[in-house]
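Structural features, examined
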Amino acid sequence: MPELPEVETIRRQLAEKVIGARIKRVEVRRAAVMTNPIPGLDLLSGKTITGVSRRGKWLWLSLEGDLALLFHLGMTGQLVWEEEGELPPHTHLLIELDRGRLRFTDFRRFGRVRLGKSEEIRDYLEEKLGPEPLSPAFSVSYLKNALARSRRPIKALLLEQKAVAGLGNIYTDEALFLAGIDPRRPACTLTEDEVKRLHEAIKGVLAEGIRHRGTSIRNYVDAEGTPGEHSLFLRVYGREGQPCPRCGTPIKKIKLSGRGTHFCPHCQH
DNA sequence: ATGCGCCTGCGT
DNA sequence: ACGCAGGCGCAT
């Protein structure tokens, strides 16, 4: 599910809704979504939410007392703010606020929630993530170095969160298409020009995804419960057999590092 | 570096 | 009935 653009969309919307809100009550409806012991959650009652942040595909609420509640949405996780209403099935965590409520719903249950001290959460993420692709830390020279050290297929490398934080299966295929690069190419074989194109393409597709409030294939919704529009703009992902938007050749789908991979056999080398 | 398991639901 | 799906962590 959610890759960087989807999580960033949720972050922006939640920031509007919940910063300054006070937590009335937290209900863990399925304990297994918590990576650490639950009793701690009781201590969230009465606390005010002071911020909503994102790093890669991870999102956290900052809370009074230097605490952070960290979410990873896995493949099908939703984080929705709403006033009221019947709870959908597979809602594992409910945070009641003085204005509305926040629910974490995830039918495949790959998502996780963790409570920790702010600093501990920061360290946890920094340890496992590479640079933010939309920040200056993700420079052409950084990317060039990262690629030079690997013979893995370029697509497999881009999916590693330690190389670049936040890319997943959709935006990786889209970026490689825009850059005109075959996803199977060993990373270290990219030329300087190709690295530059890839760098631009990565930033471009992510920004575009955010602009369209994310890609909804089947289950993703933003923090208001609304599907994103970016599926209408995908160039190769999910378009096997349909004409390449650039040359008309049918889009091919192969399996690469265990993931469905879409590309144009004519435009990508 | 690759494959498998974790889950549920949908399309074939 | 089977394969596949936006991801990740662990075993091999």
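Quick caveat: nothing in here was measured; it's all calculated off a predicted structure. Per chain, residues are indexed from 1 in the order of the written sequence. Written order determines the labels here, with chains lettered from A and ligands numbered from 1. At least 70 in pLDDT is required for a residue's local features to be given in this predicted model, at least 80 for side-chain atom pairs to be given and counted, and no such filter applies to totals for whole chains, interfaces and linings, which use all residues. The basis for every side-chain value is the complete set of heavy atoms in the structure, and neither hydrogens nor water enter the calculation.

With that out of the way, let us pick up the protein's contact with DNA strand B. Residues are labelled near a given molecule or strand when at least one of their non-hydrogen atoms is within 4 Å of it. Taken together, His90, Phe107, Arg108, Arg109, Phe110, Arg152 and Arg218 make up all the residues around DNA strand B. The protein-proximal atoms of DNA strand B, defined as those within 4 Å of the protein, are 61% sugar or phosphate. Within the backbone of Phe107, one N or O atom sits 3.3 Å away from a sugar or linking oxygen of DNA strand B. Definition of a polar contact: a pair of N or O atoms within 3.5 Å, with one able to donate and the other able to accept a hydrogen when the atoms are protein atoms, and with sequence-neighbouring residues admitted only if both atoms are side-chain atoms. Between DNA strand B and the protein, one listed contact pairs a phosphate oxygen with a side-chain N or O atom of Arg152 at 3.4 Å.

A few words now on the domain arrangement of chain A. Here chain A is partitioned into domain 1 (4-128) and domain 2 (140-263). Taking the mean C-alpha position of each, domain 1 and domain 2 sit 28 Å from one another. Contacts between domain 1 and domain 2 engage 22 residues on the former and 20 residues on the latter. Once two parts are put together, the accessible area they lose, assessed with a 1.4 Å probe and summed over both, is termed the buried area. Buried surface at the junction of domain 1 and domain 2, summed over both partners, amounts to about 1800 Å²; 58% is from carbon and sulfur atoms. Of all residues in domain 1, Pro5, Glu6 and Gln13 bury the most surface against domain 2, accounting for 30% of the area lost on that side. What counts as a salt bridge is simple: a side-chain nitrogen of Lys or Arg found within 4 Å of a carboxyl oxygen of Asp or Glu. Across the contact surface, domain 1 and domain 2 share zero salt bridges. Our count for the domain 1 to domain 2 interface comes out at eleven residue pairs in polar contact (both at pLDDT 80 or more). Only runs of H or I of at least four residues qualify as helices and only runs of E of at least two qualify as strands under DSSP, and these elements are numbered from the N terminus. Every element with two or more residues in the side of domain 1 that touches domain 2 is listed here: helix H1 (4-18), strand E5 (77-82) and helix H2 (118-128). Broken down by element, the side of domain 1 that touches domain 2 gets its largest block of residues, ten residues, from H1. What counts as a domain boundary in this text is fixed by an automatic or database domain assignment. It only takes one pair of heavy atoms within 4.5 Å for two residues to be counted as in contact.

Moving on: the sheet that holds strand E6 (residues 91-97). Strands pair, by our definition, only if DSSP identifies at least two bridges between them. The four strands are arranged E1-E6-E7-E5 in an open sheet whose pairing can be described as antiparallel. The open sheet is flanked by strand E1 (23-28) and E5, the only strands paired with a single partner. Each strand of the sheet is rotated relative to its neighbour by a mean of 15 degrees, with strand direction disregarded. Pairing of E1 with E6, which is carried by five bridges, proceeds in the antiparallel orientation. What sits directly across from Arg25, in E6, is Glu96. Lines fitted to the C-alpha atoms define the axes, with helices restricted to the stretch that makes contact. Angles between their N-to-C directions range from 0 to 180 degrees.

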